[in-house]
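# Coordinates in review
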Amino acid sequence: MAANRKVLVLAGDGIGPEVMRQVRRVADWMAKRRSLSFDLSDGLVGGVAYEAHGTPLTDETMQDAIDADAVLLGAVGGPRWDNLPFDKKPERGLLRLRKDMELFANLRPATVFDALVDASSLKSEIVRGLDIMILRELTGGVYFGEPRGITTLPDGTRRGINTQVYTTPEIERVARVGFELAKKRAKKVHSVEKANVMESGVLWREEVQKLRDKDFKDIDLQHMYADNCAMQLVRNPKQFDVIVTDNLFGDILSDCAAMLTGSLGMLPSASLGPADANGRRRAMYEPVHGSAPDIAGKDMANPLAMLLSFAMMLRYSFDLDEDADLIERSVKNVLNSGIRTADIQQPNTARVSTTTMGDAILRELDKLSA
Ligand code: NAD
């Protein structure tokens, strides 16, 4: 496989650079011990980009992101930039990346590590061993549909309107990602909508079923209403493998699923764009958490969400499943050994810094590959 896997690293603001540093150490380890080379280049996004260039993302960095095989992003934002005009805010940089890279599929795994099972607000027997993937459509639906806006009616009252709209290609391409994911997992997909009350939901259901019958006959597909899915996620989340759903329901259900795992510092994500003629997809990998200004610069942040995002990059952009497994196993073993950053500390565990957690992961990687 090509030696130069081009990765654009956008560490961003707050704890972004601190957690990204640990990824760099693991990437160096991979180069030395697994002969896996990455061509990592750095760019600026968010508040740091605004400080340097007066904009949260320059056109050049945007082009670098489009040209890269994958983008790794830390986090953006912080109180220092909260009062900037809307188009200068750090978050605009992130939104532009998602939009211009056409990242339509957002993958949010919810995995419960045995050692952290008590961090969930649900009973341990309900979440122990949980490993599900929520796939949210990210560029369509009610957040983007037209018409939208607020108008004043002749009688002086006001009317707010948003439009839920999906087309066959939009549904098909995200469903296809869902089926492909399921192929690598337990071969089970739940497609979630509100076909009982929404025409766009009826279309969603029909198109997903059609695609399954045409191209993915070996996948077990079930349809579920979004309200029932929310209930089932807290009643019996282990019934799911891959959930594929629209932008609005995915927004809500992925946050709900995230909390089954109990810890923001542990949650990775991936966002994928359309495949080109060679099957290469634009892709961005980032932790779910933000820039955590309250702990930034203190070497306290949990780097595991960022490291698990790096593992997702190995798996989904570069087909390096074995190497992704290695990182995930080392995270699991380190947690089992009782080493914790402050956010996931429990009684009788050792509280360590960001850097020390990185040291522990590297030691575990050495052990696993000895
Ligand atoms: P946040 O995720 O940054 O922090 C919420 C809480 O969780 C804080 O107490 C923080 O210390 C803690 N936390 C988060 N990540 C952690 C980690 N890895 N290790 C240990 N503790 C961690 O959310 P917020 O406080 O609402 O937002 C702070 C800033 O981040 C804002 O400017 C917001 O706009 C931005 N933000 C950015 C992203 C992103 O870049 N994708 C996402 C959410 C928020």
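Above this text sits the structure in question.
Residues numbered from 1 in each chain as written. Predicted model: local features only at pLDDT ≥ 70, side-chain atom pairs only at ≥ 80, totals over all residues. Heavy atoms only, no water.

The geometry of helix 8 (residues 226–235) relative to helix 9 (residues 247–261) is characterised by a closest axis approach of 10 Å and an angle of 5° between their N-to-C directions. Here helix 9 runs roughly parallel to helix 8, going by the angle between their axes. Contacts from Ala 226, Cys 229, Ala 230, Leu 233 and Val 234 in helix 8 reach Phe 249, Leu 253, Cys 256, Ala 257 and Leu 260 in helix 9. In the contact of helix 8 with helix 9, the residues fall into 10 nonpolar, no polar and no charged. (Axes fitted to C-alpha atoms, helices over the stretch in contact; angles between N-to-C directions. Helix = DSSP H or I, 4+ residues; strand = E, 2+ residues; numbered from the N terminus. Parallel < 35°, antiparallel > 145°, perpendicular 65-115°, else oblique. Contact = heavy atoms within 4.5 Å. Nonpolar A, V, L, I, M, F, W, Y, C, P; charged D, E, K, R; others polar.)

In this section: the site of the ligand. In the vicinity of the ligand lie 20 residues, with Glu 91, Gly 290, Ala 292, Asp 294 and Asn 302 positioned nearest. In this structure, Asp 294 approaches the ligand through a side-chain N or O atom, which is 2.8 Å from an oxygen atom. In isolation the ligand exposes 810 Å². Once the protein is present, 67% of that is buried. For the shell around the ligand, the per-class residue count stands at 9 nonpolar, 7 polar and 4 charged. (Near = heavy atom within 4 Å. Polar contact = N/O pair within 3.5 Å; in protein donor to acceptor, adjacent residues only side chain to side chain. Areas by Shrake-Rupley, 256 points an atom, 1.4 Å probe, with all protein chains shown as cover.)

Of the pairings in the sheet, the one linking strand 6 (residues 149–152) to strand 7 (residues 158–161) comprises 4 bridges and is antiparallel in character. Looking at strand 7, one finds that Thr 152 is bridged to Arg 158. The turn joining strand 6 and strand 7, which pair antiparallel and follow one another in sequence, is formed by 5 residues; a positive phi near 90° is taken by Gly 156. (Pairing = 2+ DSSP bridges.)

Attention now goes to the nonpolar core. Residues Phe 38, Leu 107, Phe 310 and Met 313 are the most contacted members of the largest nonpolar core, which totals 71 residues. Ranked by residues supplied to this core, first place goes to helix 10 (residues 304–316) with 9 residues. Within the second largest apolar cluster, 18 residues are counted, among which are Ala 110, Cys 229, Leu 233 and Ile 243. (Core = buried A, V, L, I, M, F, W, Y, C linked by side-chain atoms within 4.5 Å. Buried < 20%, exposed > 50% of the residue type's maximum accessible area, 1.4 Å probe, protein only.)

These figures come from the coordinates and say nothing about function on their own.
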